Amino acid sequence: MRYAFEVHLAAMTSLLRFLRWFAHAADAVVDAVGRIGAWLVLFVVAALFGQLPLREWVGAGHILANDYGQIAHATVFMLGVAYAMRWDGHVRLDVLYHRMSRRARLLVDLAGTIFFVVPWIGIVLWFSWATTVRSVAVFEKFPETWSPGYWLFKVLLLVFGLLVFLQALGHIARDLASLIDDGSRPDVSASPRDATAP
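Just so we're clear, the structure is a prediction, and the values are computed from it rather than from any experiment.

1. Observations regarding the overall build of the protein
1) Next: Per the secondary structure count, the protein includes six helices and zero strands.
2) Next: Split into buried and exposed, the 198 residues of the protein put 31% on the buried side.
3) Next: Surface exposure of the protein reaches about 12300 Å², of which carbon and sulfur atoms provide 73%.

Following this line, the structure appears as structure tokens:
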């Protein structure tokens, strides 16, 4: 009897360790990508807002700067969704949620991620895969200006889907670990629900 208990305890400990490791790994990847992507805001400002004075006053604006500024602008948002999800920075209607117990909030978060986020992002990835492959195969251009690089929008859609999917799996792992080991509270860096974004 004692041996069976020790085997069960060892298995649970290994499972908890793996779930927490995976949650930390997902957070680290999304954090790194989000922080690097945040620097694109400077390029967006320079490329898009700099076009008006260059075009109107100097006569030196270029359509490529506008097109690539749009790509960078889309990149900021596409990378930012997973980063906001990691730090629980998305908009939420907290009418009842903040009154719930910690365990109830974990169950709501887990159910929402499993039944809404994962299927939605699966649909996004499923339907964007073929169009992305076709676009990259011909290096699709902007339809209005015929500038090169429009295919990057399609690639961004896949990157967005993969990052959100990774972060969703990280949330699931963290919530499961917290539900299994109900007596422990995750540390601040590992739990965006208990922390504030940097």
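2. A look at the packing of helix α4 (residues 63-86) against helix α6 (residues 151-180)
1) Next: Two numbers describe how α4 lies on α6: the axes approach to 8 Å, and their chain directions differ by 10°. By the angle between their axes, α4 is roughly parallel relative to α6. Of α6, the residues touching α4 (which contributes Gln70, Ile71, Ala74, Thr75, Met78, Leu79, Val81, Ala82, Met85 and Arg86) are Leu152, Phe153, Leu156, Leu157, Val159, Phe160, Leu163, Val164, Gln167, Ala168 and His171.
2) Next: Of the residues belonging to the contact of α4 with α6, the class tally is 16 nonpolar, four polar and one charged.

3. A few points about the environment of alanine 111
1) Next: Counting through the fold element by element, alanine 111 comes out in helix α5 (residues 102-137).
2) Next: Given the relative accessible area of 31%, alanine 111 is considered partly exposed.

4. So, the nonpolar core
1) Next: Of all hydrophobic cores here, the largest spans ten residues; its members are Val30, Leu79, Ala82, Met85, Ile121, Val124, Phe160, Leu163, Val164 and Ala168.
2) Next: Every element with two or more residues in this core is listed here: α4, α5 and α6.
3) Next: Here the element with the most residues in this core is α6; it accounts for four residues.
4) Next: Excluding its chain neighbours within four sequence positions, the residues that come into contact with leucine 163 are Val29, Val30, Val33, Leu79 and Ala82.
5) Next: Grouped together as the second largest cluster of nonpolar side chains are five residues, Leu19, Ala23, Ala173 and Ala177 included.

5. A few points about unusual backbone geometry
1) Next: Phi at aspartate 88 is positive, roughly 55°, even though this residue is not glycine.
2) Next: Tracing the backbone shows aspartate 88 in the loop between α4 and α5.
3) Next: Phi at phenylalanine 139 takes a positive value of approximately 45°, unusual for a residue other than glycine.
4) Next: With respect to the helices and strands, phenylalanine 139 occurs in the loop between α5 and α6.

6. Thoughts on the packing of aromatic side chains
1) Next: Considering all chains together, one arrives at seven aromatic pairs under this definition.
2) Next: Relative to phenylalanine 153, the ring of phenylalanine 142 lies with its centre 5.8 Å away and its plane at 80°, an arrangement referred to as edge-to-face. Of this pair, phenylalanine 142 sits in the loop between α5 and α6 while phenylalanine 153 sits in helix α6, placing them eleven residues apart in sequence.
3) Next: Measuring from centroid to centroid gives 5.3 Å for tyrosine 150 and phenylalanine 153, while their planes differ by 65°, and the two rings are edge-to-face.
4) Next: Taken together, the ring pairs in this structure connect Phe18, Trp21 and Phe22 into an aromatic cluster.
5) Next: Across the ring face of tryptophan 87, the terminal group of arginine 86 is positioned such that the distance to the ring centre comes to 4.0 Å.

7. Points about the confidence of the model for the protein
1) Next: Summary statistics for the protein give a mean pLDDT of 84 and a share of 84% for residues scoring 70 or more.
2) Next: For the protein, the element scoring lowest by mean pLDDT is helix α3 (residues 51-58), at 73; α6 scores highest, at 95.
3) Next: Low pLDDT (under 50) marks residues 194-198, which in the prediction has nine contacts with non-local residues, meaning those over four places away or in another chain.

8. Some remarks on the pattern of salt bridges
1) Next: With the rule as written, the count across this model stands at five salt bridges.
2) Next: In this structure, the salt-bridge partner of aspartate 27 is arginine 86, at a minimum N-O distance of 3.6 Å. With aspartate 27 in helix α1 (residues 2-38) and arginine 86 in helix α4, this residue pair connects regions lying 59 residues apart in the sequence.
3) Next: Assessed through its relative accessible area of 3%, arginine 86 is described here as buried.
4) Next: A salt bridge links arginine 174 to aspartate 27; its shortest N-O distance comes to 2.1 Å. Within this pair, whereas arginine 174 is found in helix α6, its partner aspartate 27 is found in helix α1, the two being separated by 147 residues in sequence.
5) Next: The buried category is assigned to arginine 174, whose relative accessible area is 6%.
6) Next: A relative accessible area of 2% means that aspartate 27 is categorised as buried.
7) Next: Through salt bridges with shared partners, a single ionic network connects Asp27, Asp31, Arg86 and Arg174.

Definitions and limits used
Residues numbered from 1 in each chain as written. Predicted model: local features only at pLDDT ≥ 70, side-chain atom pairs only at ≥ 80, totals over all residues. Heavy atoms only, no water. Helix = DSSP H or I, 4+ residues; strand = E, 2+ residues; numbered from the N terminus. Buried < 20%, exposed > 50% of the residue type's maximum accessible area, 1.4 Å probe, protein only. Areas by Shrake-Rupley, 256 points an atom, 1.4 Å probe, with all protein chains shown as cover. Axes fitted to C-alpha atoms, helices over the stretch in contact; angles between N-to-C directions. Parallel < 35°, antiparallel > 145°, perpendicular 65-115°, else oblique. Contact = heavy atoms within 4.5 Å. Nonpolar A, V, L, I, M, F, W, Y, C, P; charged D, E, K, R; others polar. Core = buried A, V, L, I, M, F, W, Y, C linked by side-chain atoms within 4.5 Å. Phe/Tyr/Trp six-rings, centres within 6.5 Å; stacked < 30°, edge-to-face > 60°. Lys NZ or Arg CZ within 6 Å of the ring centre and 35° of its normal. pLDDT = per-residue confidence, 0-100. Salt bridge = Lys/Arg side-chain N within 4 Å of Asp/Glu carboxyl O.

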